[in-house]
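# Coordinates in review
The residues making up each chain are set out below.
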Amino acid sequence: MARGDSTEDKLLKAAINLFHEFGYNGTSVQDIVSVARVPKGSFYNYFKSKEALAIAASDVFLPPAR
């Protein structure tokens, strides 16, 4: 990850990679914060839940609705 990545970016990138490799159900919040190398409490400063993070991650790939 680039040096200037924000914590939110680190979480998103980690989630995208883990969801791709292990699926949504096979990935825990602990897995995400471990790969992102951020404290678990930081996760909840940016995302209400794992589901909210998955929605944000899908927005990276899906164009906005018209």
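The rules we used
- Residues numbered from 1 in each chain as written.
- Predicted model: local features only at pLDDT ≥ 70, side-chain atom pairs only at ≥ 80, totals over all residues.
- Heavy atoms only, no water.
- Helix = DSSP H or I, 4+ residues; strand = E, 2+ residues; numbered from the N terminus.
- Contact = heavy atoms within 4.5 Å.
- Areas by Shrake-Rupley, 256 points an atom, 1.4 Å probe, with all protein chains shown as cover.
- Phe/Tyr/Trp six-rings, centres within 6.5 Å; stacked < 30°, edge-to-face > 60°.
- Buried < 20%, exposed > 50% of the residue type's maximum accessible area, 1.4 Å probe, protein only.
- Salt bridge = Lys/Arg side-chain N within 4 Å of Asp/Glu carboxyl O.

### Quick word on the overall build of the protein
- Along the backbone of the protein there are four helices and zero strands.
- Each helix (α) and strand (β) of the protein, taken in turn from the N terminus, gives the series α-α-α-α.
- In the protein, 47% of the contacts between residues at least 6 apart in sequence involve partners at least 24 apart.
- For the protein, the exposed surface amounts to about 4,700 Å²; the carbon and sulfur share of it is 52%.

### Considering the packing of aromatic side chains
- Taken as a whole, this structure holds three aromatic pairs when the rule is applied.
- Ring geometry for Phe43 versus Tyr44: centroids 4.9 Å apart, planes at 75°, classification edge-to-face.
- Classification of Phe43 as buried rests on a relative accessible area of 0%.
- A relative accessible area of 45% means that Tyr44 is categorised as partly exposed.
- Ring geometry for Phe43 against Phe47: centres 5.8 Å apart, planes inclined by 45°, an arrangement best described as tilted.
- By relative accessible area, Phe47 is classed as buried at 5%.
- Pairwise contacts between aromatic rings join Phe43, Tyr44 and Phe47 into one cluster.

### Description of unusual backbone geometry
- In this structure, Arg37 takes a positive phi of about 60° despite not being glycine.
- The exposure class of Arg37 is exposed, given its relative accessible area of 76%.

### A look at the pattern of salt bridges
- Scanning all chains against the criterion turns up one salt bridge.
- Close ionic contact of Asp5 with Lys13 constitutes a salt bridge, the shortest N to O distance being 3.1 Å.
- In this structure Lys13 comes out as partly exposed when scored by relative accessible area, which is 35%.

These figures capture arrangement, not role.
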